Amino acid sequence: MIDKIREFEVDGRKLMHIFKDIDVSEKEGKVYVTLGYEEAGQFKERAVKQELMKYLKMDLGYAGAKITFKDIAQEEIMKNSLLNQDGVFYLLVSSGKGGVGKSNVSANLANLFNDKGYKVALIDCDIYGSSIPGIFGIQKYPTLEDNNILHPAIVDGINIVSVDFLMQAQLPIMWRGPMLGRALNHFFYYTKYEDDIEIVILDLPPGTGDVALDIQQLVPHAKQVVVTTPHPTAANIAIKAGRMAEKMNHEVVGVIENMSYFVYEDKKLDIFGVGGGDMVANTLNVPLLGKLEILPPKGEGLYSKDERNYQIYEDIVTKIIDKELI
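Description of the structure in this document.

Cut-offs and rules
Residues numbered from 1 in each chain as written. Predicted model: local features only at pLDDT ≥ 70, side-chain atom pairs only at ≥ 80, totals over all residues. Heavy atoms only, no water. Helix = DSSP H or I, 4+ residues; strand = E, 2+ residues; numbered from the N terminus. Buried < 20%, exposed > 50% of the residue type's maximum accessible area, 1.4 Å probe, protein only. Contact = heavy atoms within 4.5 Å. Areas by Shrake-Rupley, 256 points an atom, 1.4 Å probe, with all protein chains shown as cover. Axes fitted to C-alpha atoms, helices over the stretch in contact; angles between N-to-C directions. Parallel < 35°, antiparallel > 145°, perpendicular 65-115°, else oblique. Nonpolar A, V, L, I, M, F, W, Y, C, P; charged D, E, K, R; others polar. Expected span 1.5 Å × (residues − 1). Left-handed = near helix turned anticlockwise from the far one by under 90°. 1 Å grid on protein atoms, 1.4 Å probe; cavity = no way out; pocket = protein on both sides within 12 Å on 5 of 7 lines; lining within 4 Å. Points joined across faces, edges and corners; volume = space filled by probe spheres on them. Core = buried A, V, L, I, M, F, W, Y, C linked by side-chain atoms within 4.5 Å. Patch = residues over 30% accessible without salt bridge, like charges linked within 9 Å, V, L, I, M, F, W, Y side chains within 5 Å. Salt bridge = Lys/Arg side-chain N within 4 Å of Asp/Glu carboxyl O. Polar contact = N/O pair within 3.5 Å; in protein donor to acceptor, adjacent residues only side chain to side chain. Pairing = 2+ DSSP bridges.

Looking now at the overall build of the protein. Along the protein, the regular secondary structure elements total 11 helices and 14 strands. Looking at the protein as a whole, 48% of its 326 residues are labelled buried. Summarising the internal contacts of the protein: among those between residues at least 6 apart in sequence, 72% fall at separations of at least 24. Of the roughly 16600 Å² that the protein leaves accessible, carbon and sulfur atoms contribute 47%.

Moving on, we get to the packing of helix α5 (residues 102–115) against helix α11 (residues 308–324). The contact between α5 and α11 brings their axes to 9 Å, and the two run at 70°. Taken together, α5 and α11 sit at an angle that is classed as roughly perpendicular. For the pair α5 and α11, the contacting residues are N104, V105, N108, L109, N111, L112, F113 and D115 in the first and Y310, Y313, E314, I316, V317, I320 and I321 in the second. When its residues are assigned to classes, the contact of α5 with α11 shows 10 nonpolar, three polar and two charged.

Within the secondary structure, L218 sits in helix α8 (residues 210–218). The exposure class assigned to L218 is buried, which follows from its relative accessible area of 15%. Distance from L218 to N185, taken between C-alpha atoms, is 8.4 Å for residues 33 residues apart in sequence. Filtering out sequence-adjacent residues up to four positions away, L218 remains in contact with L83, L184, N185, F188 and Y189.

Here we take up α5. The first and last C-alpha atoms of α5 sit 20 Å apart over 14 residues, in line with the 20 Å expected at 1.5 Å per residue. The buried count for α5 comes to 12 of 14 residues, which makes it a mostly enclosed element. What α5 keeps buried is the set K102, S103, V105, S106, A107, N108, L109, A110, N111, L112, F113 and N114. At the C-terminal side of α5, G117 shows a positive phi close to 95°.

Direction vectors running N to C along helix α9 (residues 232–247) and helix α10 (residues 276–284) enclose 25°, while the axes themselves pass 9 Å from each other. Relative to α10, the element α9 is oriented roughly parallel. Here the hand of the crossing between α9 and α10 comes out right-handed. Residues P232, A235, N236, A238, I239, G242, R243 and E246 of α9 form the contact with α10, whose own contacting residues are G276, M279, V280, T283 and L284. Considering only residue class, the contact of α9 with α10 consists of seven nonpolar, four polar and two charged.

Turning our attention to the layout of surface pockets. Taken as a whole, the second largest pocket spans an internal volume of roughly 200 Å³. Around the second largest pocket, the lining is made up of 16 residues, and of these N104, N258, E293, L295 and Y303 lie nearest the centre. Mapped by element, the contributors of at least two residues to the lining of the second largest pocket are α5, β12 (251–264), β14 (288–293) and α11. Of all the elements, α5 adds the most residues to the lining of the second largest pocket, at three residues. Grouping the constituent residues of the lining of the second largest pocket by class yields nine nonpolar, six polar and one charged.

All right, on to the nonpolar core then. Within soluble globular proteins, side chains that are nonpolar generally end up buried alongside one another. L109, F113, F136, I201 and L202 are the most contacted members of the largest nonpolar core, which has 65 residues in total. Top element by residues in this core is α11. It accounts for seven residues. Excluding anything up to four places from it in sequence, F136 contacts A107, L122, V155, I158, I160 and L302. Counting 19 residues, the second-largest nonpolar core is a separate cluster that includes I22, V33, L35 and Y62.

A cluster of nonpolar side chains, Y264, L269, I271 and F272, forms an exposed patch at the surface whose accessible area comes to about 380 Å². Turning to its location among the elements, I271 is positioned in the loop between β13 (267–269) and α10.

The next point concerns the side chain of N258. With respect to the element layout, N258 can be found in strand β12. N258 gets classed as buried once you look at its relative accessible area, which sits at 10%. Of the polar contacts made by the side chain of N258, one reaches the backbone oxygen of V100; its length is 2.8 Å. What N258 contacts, discounting residues up to four positions off in sequence, is V100, G101, V105, V227, T228, T229, P230 and L292.

Ordered in space as β3-β4-β5, the three strands form an open sheet in which the pairing is mixed. Edge strands, defined here as strands with exactly one partner in the open sheet, are β3 (21–27) and β5 (64–71). When strand polarity is set aside, the average angle formed by the axes of neighbouring strands in this sheet is 15°.

Further remarks concern unusual backbone geometry. Not every positive phi belongs to a glycine, and D11 is a case in point at roughly 55°. If you trace the backbone, D11 turns up in the loop between β1 (9–10) and β2 (13–14). Even without being a glycine, E265 presents a positive backbone phi close to 50°. Locating E265 in the fold gives a position in the loop between β12 and β13.

Laid out in C-alpha cells, this is it:
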C-alpha cells in the first residue's frame, strides 16, 4: 500500500518525486499519511491533499484519511534549537527601566566571554529599542531563507540576532504581545546558530511585560544580572526587575552598576549620585559585580583591552564564571 501511495501522481508527478519522506500508518480502517518536504514551493498543498484524499478513499477504500505535511528543514532546525542543546548557559541582562546602558553591558559581556574562549550567542530581545546591531557596527543584515530560517550575523565569532533583522532597518516597530512572542520564537526555533554555542546572552527590554514572561517560558532555568545606575530612581526600578526574576525562578547572580562615576583630573565625580548598585545588591541579597566608569569606548561600542572598563568587565565575567562554574 505504501508503494501505491508513493507512486500516486499529482499533476503528472509522483508523490515520491515531490516529497523527500512519506510515512504511512493504518488504524481501525483509517490511514494516516505524513508528507515530508524540504521546499514548500515545489508543490501546491491544497491540490495534493484533495487528490490524495480522493485516491485514499475512492480507490484504496479507506473509511477515513488524515494527511499532514512536515517541513523537514524547519523540523531539523527546531530539533537542533539552542533550547534542545545540553550545557548551554543562559544569562539574561535586565534593568527594569531604559537608559541605564543595559545593551552596552550585554554587548561587552558577550565580548568578554568571547575573548575568554567561550562560544557566545547574543540575542537582542529589546523589541522596541534594539541597539545591539549598532554597537557591533552591523550594517548589512542577514536575510531570511525561503523557509524563514534566519542566520545570525557573526562578529568576531559572536552569533548575533536582533529584531532589526526581521524588519526593515530604521523603521519603528509597532507590535503587540503575541507578535513579540513570535519574534522570540524565531530567535530560538528558526535561527541556525553556529555549532557548540556555550553561552547565550539575552538583552531584555526594559519593564516587566510580555517579553520577560515569554522568556521565562522559553528558558525557565536562566540566570540573570541586573543593571542599574547609582541614581535611586534607577535602583528602585532595578529592584523590581530582580524581584520579577525571582518570581520566574531565574536566579539573580549579581548587579552591575553602570555610569558609576566620571574621572576628571584624577578625581572621581559622582555625576548620577552614589549607592544605587549597593542598594539593589543588598536588597536582592546578591553580589555587586562591578562599577563601570562613564567612559566612551574607543571603538564603536566595545571596550578594548587597554581601556579601564575592559578590566572591570573582565573582573565581572570572571566572577560569573567562578560562581556558575561555566
